[in-house]
Amino acid sequence: MGQSPSSVRSKSSRRSFRGFVRRAKSNKSSLSHTFNLPPSEEYPELMNVNTATEEQLMTLPGVNRQLAREIVRHRQMIGRFKRVDDLALVSGIGAEKLELLRPEICTNIKRQLSRASSCTHSLDSVRLPSENKLCSINSSSVFQLQCVPGLNQEIAANIVDYRNKKGPFKSLDDLIKVRGMDIVRLSTVKHHLSLEPRKCESVQLLSNGHTYPWRDDLPNEPTLNGVKEVLRTPHRKSLSMPTKLPITLPNGFATAPVNDILDLLAAYSHRPVVEELFTYERNGIRCCRLASWNLHQLSIDKITNPGVREVVCRTILENKLSIIAIQDILDPAAMKIICDELNCPALRRVREWRCNSHKWDYCCYESTDGPTLGFIYESSHKGVTVEDVGVDQLHLLSEAPDARRLGEELTALRSDKCLVSPQVFLICGRLVTVVNVQCREWLHEDLAVRLNGVAELALACKLPLILVGEFQRLDNVQLLKSCESLLDESIVTTVDASVAGQSAILCAGSVSNSSLNGHCGAIKSGLSHLAIPRGWSWGGPASPYCPIWVEMNVPD
């Protein structure tokens, strides 16, 4: 009651302005002079979603500004829409809305919306020669194959999986053996495929030529010679100047410089606004932050991924972490790559962080059996100096009578089921012992007794001792009765709650008896990047574990 007729019209009865224009053109004779239309070439019947701006997309039925922005963002990520059905992958567009849009849109590059839109720069503005359009089934990645008309993401993944298990395809007809492929689909896609790679074929857009051995669900990509050095070396002339190394876009058309693509991915990867401005001071007392982070199978291949490297470095810089204990290191050389990026940034987002002292170093426990542990630390910043002095130097720097015995006990800490790496730092002239721990399964009772004994010995020597690391389970932390846990037990320290793990920071004795000021936390945001693989998609976390931190007062 009291509603106007327009307010009770069903959704299915709505018509867009563009639809009205098309109906008007088909029946010009019945319109008054008020509705005389410009020439048809200025108002084509279908909107090209590959060149349309946000404002133009908003003229489509059911498309608001947020959805138009998502369409443009998705288009920028994939290069272009190959077919109208590709819009179903855009967040916010379901089957019902796609059917509503289908009569209004097209993806044909020749059918431009207007002269203005034809001037719009897009990633597919230049086509490669026709002989280079075929997609090689023996070298293309999942993301290149799924852009072939007739292949979806699942079948593309099955093709790569079959190729990895059985070897290269000897004939296009062998695709019929791939799960999900049938005769009709094969006949449709064959003329888009080839057995040999294109002359200019390079690595896939997001992988940048690196394999991901730490991801079991991803196929190995071909390696592009020299790309690692390109990504690590900053350009001397300009922060935005692209490298000369081109890569092939997954749509099979234009090539683009590596740095431009990485800048695009970085721009669309969320970086958090740091809630608290930490100025190396708390209540008028100078302090620094100690952190712990399980980087989950940290290897050279993993840290070479620009998304992983950016997340690790920006997280360290944004949260002003002075000492970071790292767990699950597969290759100690990966620690050097992190420090090199912090000291001489090659990534734009790391370069642009102004509060970087560029004085980073690392130390790593050498292990010949499985993963190891290490530390990254900032040697000097804002009056806080950190120096790695080693456990064997403890008795030389401390006047405590039991300092030698404490050093011996720290050196002897080792277990088959648990990695333990003690390290002594000199923070503003004060000795601080940090014990880095990674429990693979459980904390053996004998080792728990030894850790408790070391904590009590450190208290007797009046030397701060902090245990940090990944303890797998909460009951492992509870075995360390001589130490006080600083993080609340209810804090989730993993990115995904389904991942098993319990990161913790403990101090010998109580907080009141140590130099810790009681401020601590877990970093939950800014841990993902669009250049990091996540299953068969992108935008994954650098590690399934969150970094945690605690503040320590340092002497003036």
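Keep in mind the model is a prediction, meaning the values are calculated, not measured.

Visitor: Whenever I open this one, the overall build of the protein confuses me. Can you help?
Guide: A tally of regular secondary structure across the protein gives 18 helices and 22 strands. A burial count over the protein gives 51% of its 556 residues as buried. Look at the contacts in the protein between residues 6 or more apart in sequence, and 70% of them connect residues 24 or more apart. Carbon together with sulfur atoms contributes 51% to the accessible area of the protein, which is approximately 26400 Å² in total.

Visitor: Just checking my understanding: could you explain the sheet that holds strand S13 (residues 384-388) for this structure?
Guide: The strands that make up a sheet pair up through hydrogen bonds in the backbone, lying either parallel or antiparallel. Taken in spatial order, the seven strands make up an open sheet running S12-S13-S14-S15-S16-S18-S17, and their pairing is mixed. Sheet topology places strand S12 (380-381) and strand S17 (483-485) at the edges, where each strand pairs with a single neighbour.

Visitor: Looking at this structure, I do not really get the packing of helix H12 (residues 306-318) against helix H13 (residues 333-343). What am I missing?
Guide: The geometry of a pair of packed helices is captured by two quantities: the angle between their axes and the separation between those axes. At a minimum axis distance of 10 Å, the contact between H12 and H13 shows a crossing angle of 60°. As the angle between them shows, H12 and H13 are arranged oblique. In this structure, H12 meets H13 at a crossing whose hand is right-handed. Where H12 abuts H13, its residues Arg309, Val312, Cys313, Ile316 and Leu317 lie against Ile337, Ile338, Glu341 and Leu342. Tallied by class, the residues present in the contact of H12 with H13 amount to seven nonpolar, no polar and two charged.

Visitor: Where do I start with the packing of aromatic side chains in this structure?
Guide: To describe a pair of aromatic rings, you give the distance between the ring centres and the angle between the ring planes. Summed over all chains, the structure comprises four aromatic pairs. With centroids separated by 5.3 Å and ring planes inclined at 45°, the aromatic side chains of Phe278 and Tyr280 adopt a geometry described as tilted. A ring pair is formed by Tyr377 and Phe425, whose centres lie 5.6 Å apart and whose planes are at 65°; its orientation type is edge-to-face. On the criterion of sequence distance, the pair formed by Tyr377 in strand S11 (residues 372-378) and Phe425 in strand S14 (residues 418-427) is long-range, its members being 48 residues apart. Since its relative accessible area comes to 7%, Tyr377 is described here as buried. Between the NZ or CZ atom of Arg289 and the centre of the ring of Phe278, over which it lies, the distance is 4.1 Å. One residue, Arg289, lies across the ring of Trp549, its end atom 3.9 Å from the ring centre.

Visitor: Please explain the pairing of strand S22 (residues 548-553) as it appears in this structure.
Guide: Two faces, one strand: in a regular strand the side chains alternate between the faces of the sheet. Counting buried positions along S22 gives five out of six residues, so the element sits mostly inside the fold. When strand S8 (residues 285-298) meets S22, the two strands line up antiparallel, connected through six bridges. Directly across from Cys288, in S22, lies its bridge partner Met552. Where strand S19 (residues 516-522) meets S22, four bridges bridge the pair, whose relative direction is antiparallel. Bridge pairing in S22 places Cys520 opposite Val550.

Visitor: What am I meant to see in the nonpolar core here?
Guide: One recurring pattern in soluble globular proteins: nonpolar side chains tend to sit buried together. Leu410 and Leu480 are the most contacted members of the largest nonpolar core, which totals 35 residues. For this core, the element with the most residues is helix H17 (residues 445-460), which contributes seven residues. Not counting residues within four places of it along the chain, the set of residues in contact with Leu410 comprises Val391, Leu394, Pro422, Thr433, Val435, Val454 and Leu465. The next biggest cluster of nonpolar side chains, apart from the first, holds 32 residues, and it includes Ala291, Met335, Leu342 and Trp549.

Visitor: Before we go on, may I ask you to explain unusual backbone geometry in this structure?
Guide: One non-glycine residue, Gln297, adopts positive backbone phi at about 60°. Locating Gln297 in the fold gives a position in strand S8. Even without being a glycine, Lys382 presents a positive backbone phi close to 55°. Turning to its location among the elements, Lys382 is positioned in the loop between S12 and S13. For Lys382, a relative accessible area of 55% puts it in the exposed group.

Visitor: When you look at the pattern of salt bridges in this model, what are you seeing that I'm missing?
Guide: Opposite charge on two side chains permits pairing when their charged atoms draw close. The full count for this structure, using the stated rule, is 18 salt bridges. A salt bridge links Glu99 to Arg102, with the nearest nitrogen and oxygen atoms 3.0 Å apart. Within the structure, one salt-bridge network assembled from shared partners comprises Arg271, Arg314, Glu318, Arg348 and Glu352.

Visitor: What exactly am I supposed to notice about the packing of helix H16 (residues 403-412) against H17 here?
Guide: At their nearest, the axes of H16 and H17 sit 10 Å apart, and the two run at 155° to each other. As the angle between them shows, H16 and H17 are arranged roughly antiparallel. Here H16 and H17 pass one another in a crossing that is left-handed. Listed contacts from H17 to Arg405, Leu406, Glu409, Leu410 and Ala412 of H16 are Arg450, Val454, Leu457 and Ala458. Classifying every residue of the contact of H16 with H17 gives six nonpolar, no polar and three charged.

Procedures and definitions
- Residues numbered from 1 in each chain as written.
- Predicted model: local features only at pLDDT ≥ 70, side-chain atom pairs only at ≥ 80, totals over all residues.
- Heavy atoms only, no water.
- Helix = DSSP H or I, 4+ residues; strand = E, 2+ residues; numbered from the N terminus.
- Buried < 20%, exposed > 50% of the residue type's maximum accessible area, 1.4 Å probe, protein only.
- Contact = heavy atoms within 4.5 Å.
- Areas by Shrake-Rupley, 256 points an atom, 1.4 Å probe, with all protein chains shown as cover.
- Pairing = 2+ DSSP bridges.
- Axes fitted to C-alpha atoms, helices over the stretch in contact; angles between N-to-C directions.
- Parallel < 35°, antiparallel > 145°, perpendicular 65-115°, else oblique.
- Left-handed = near helix turned anticlockwise from the far one by under 90°.
- Nonpolar A, V, L, I, M, F, W, Y, C, P; charged D, E, K, R; others polar.
- Phe/Tyr/Trp six-rings, centres within 6.5 Å; stacked < 30°, edge-to-face > 60°.
- Lys NZ or Arg CZ within 6 Å of the ring centre and 35° of its normal.
- Core = buried A, V, L, I, M, F, W, Y, C linked by side-chain atoms within 4.5 Å.
- Salt bridge = Lys/Arg side-chain N within 4 Å of Asp/Glu carboxyl O.

Taken by themselves, the reported measurements are silent on function.
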